[in-house]
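What the coordinates show
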Amino acid sequence: MIKAHGYAVHDAHSPLVPFEFERREPGAHDVQIEILYCGICHSDLHQIHNDWSNSIYPMVPGHEIVGRVVKVGAHVGKLKVGDLAGVGCMVDSCRQCPACQEDLEQYCAEGATLTYNDHERGNDKLTFGGYSDLIVVEERFVVKIPNSLDLKAVAPLLCAGITTYSPLRHWNVGPGQKVGVIGLGGLGHMGIKFAKALGAHVVMITTSPEKGKDASRLGADEILLSRDADAMAAHASSFDFLLDTIPVPHDLNPYVALLKRDRTLAIVGVLTELSPPLNGFSLIGGRKNVSGSAIGGMAETQEMIDFCAEHGIVSDVEMVTIQNVNSAYERLQKNDVKYRFVIDMASLRAQAA
Ligand code: NAP
Ligand code: ZN
Ligand code: ZN
């Protein structure tokens, strides 16, 4: 076993505190990564607070992990010591079911093994995430990161990036389409960058008027304030695709009204019940679709990273130390981050030394 250092929560109401634990020695197909940066996803906040009623403690959060390969098993092929590598939300799956066979491990029939807040397959050991100094993951669930991108700004691509890239690709977003991204946080700002790079006309749909000044830098062609009923009415029935990243239950009806006939709104934010109920007329009247999407498979995650390298896309990040992670959470809860907090793991190493 390898001794690892990180930060953990021990129940739903306490702050993150230093935590020592063990990782497995790398097996023949495993890669050991020295973690350099880890993004803070809103899902981390949901899970430390047990918002989804499935939290297991102690919990070391973090699934936007980038670092350097320091050890590889004998059968590892695509990565070697010294390479930059990334790990996202999953570290294992069954490999046999139709979803796994189609490179859609996130929809594994047996449930993909999550990077943290889960148990390893075949035993009852907890998985621990990226707010730590090292991780050991099977090669299939590790992506290769090119040297050309700013590594700390790559970290959020491993969740916020793939979670927005995958639905934009699945619903064939491209030139000639008007696409709206709802909610400008970690996911939303990446959704805008990807939709623009895919050639769409992009509308930032936000509750925060002051985020509008970032619109053109991020790649948005228009800003739509969702609390401005007149502005929403002016955009009625005009969108080809909507990506909804709002992290709390909310009224979908005003957003469905923005869709053209036969078009789709894909939810990525809310995992609990939606409220208030959807109005049937608003769907039936235009044969509209409300769907959902979870992260992306490993092959698509590598494709997304390569797309980012080709188009020079990274996340807009604010760096924090591990010692400041609890205040970063408070700010994230208050919607006060542009657009993703990333933990510099050098701060953890300095503390452990
Ligand atoms: P985030 O950084 O906190 O951003 C969420 C954004 O939603 C905020 O910046 C804000 O944008 C808007 N918002 C927040 N509260 C709102 C409210 N009460 N009403 C309307 N808009 C509100 O969160 P994130 O990290 O992007 O994550 C977003 C959600 O996606 C979370 O629930 C997370 O768990 C989920 N998620 C899902 C997947 C998946 O696989 N499906 C993967 C990762 C994360 P404006 O200021 O622009 O309004
Ligand atoms: Zn996430
Ligand atoms: Zn499977």
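Scroll up to find the structure.
Now for a quick tour of the structure.

1. Structural notes on the site of ligand 1
As a matter of local geometry, ligand 1 sits amid 28 residues, with His42, Thr206, Thr207, Ser208 and Arg340 nearest to it. Between ligand 1 and Ser43 there is a distance of 2.7 Å, counted from an oxygen atom to a side-chain nitrogen or oxygen. Contacts to ligand 1 include Ser208, whose side-chain N or O atom sits 2.4 Å from an oxygen atom. Elements supplying a minimum of two residues to the shell around ligand 1: helix H1 (42–48) and helix H5 (186–197). A per-element tally of the shell around ligand 1 places H1 first, with 3 residues. Residue composition of the shell around ligand 1, grouped by class: 12 nonpolar, 14 polar and 2 charged.

2. Quick look at the coordination of the zinc ion (ligand 2)
Every protein donor of the zinc ion (ligand 2) is listed here as Cys41 (SG), His63 (NE2) and Cys159 (SG), and their distances to the metal cover 2.0 to 2.3 Å. Counting residues between consecutive donors of the zinc ion (ligand 2) along the chain gives the motif C-x21-H-x95-C. With His63 in the loop between H1 and strand S4 (65–72) and Cys159 in the loop between helix H3 (151–154) and helix H4 (160–170), this pair connects stretches of sequence that are 96 residues apart. The buried category is assigned to His63, whose relative accessible area is 6%.

3. Concerning the layout of surface pockets
The volume enclosed by the second largest pocket comes to roughly 320 Å³. Along the wall of the second largest pocket there are 20 residues; nearest its centre are Arg24, Val91, Glu120, Thr127 and Val136. If you list the elements that add at least two residues to the lining of the second largest pocket, you get strand S2 (17–23), strand S6 (90–92) and strand S8 (134–138). With 4 residues, S8 is the single largest residue contributor to the lining of the second largest pocket. Across the lining of the second largest pocket, the residue classes tally to 6 nonpolar, 4 polar and 10 charged.

Parameters and conventions
- Residues numbered from 1 in each chain as written.
- Chains lettered and ligands numbered in written order.
- Predicted model: local features only at pLDDT ≥ 70, side-chain atom pairs only at ≥ 80, totals over all residues.
- Heavy atoms only, no water.
- Near = heavy atom within 4 Å.
- Polar contact = N/O pair within 3.5 Å; in protein donor to acceptor, adjacent residues only side chain to side chain.
- Helix = DSSP H or I, 4+ residues; strand = E, 2+ residues; numbered from the N terminus.
- Nonpolar A, V, L, I, M, F, W, Y, C, P; charged D, E, K, R; others polar.
- Donors = N, O, S within 2.8 Å, 3.2 Å for Na, K, Ca; no water.
- Buried < 20%, exposed > 50% of the residue type's maximum accessible area, 1.4 Å probe, protein only.
- 1 Å grid on protein atoms, 1.4 Å probe; cavity = no way out; pocket = protein on both sides within 12 Å on 5 of 7 lines; lining within 4 Å.
- Points joined across faces, edges and corners; volume = space filled by probe spheres on them.

Treat this as a map of the structure, not an account of what it does.
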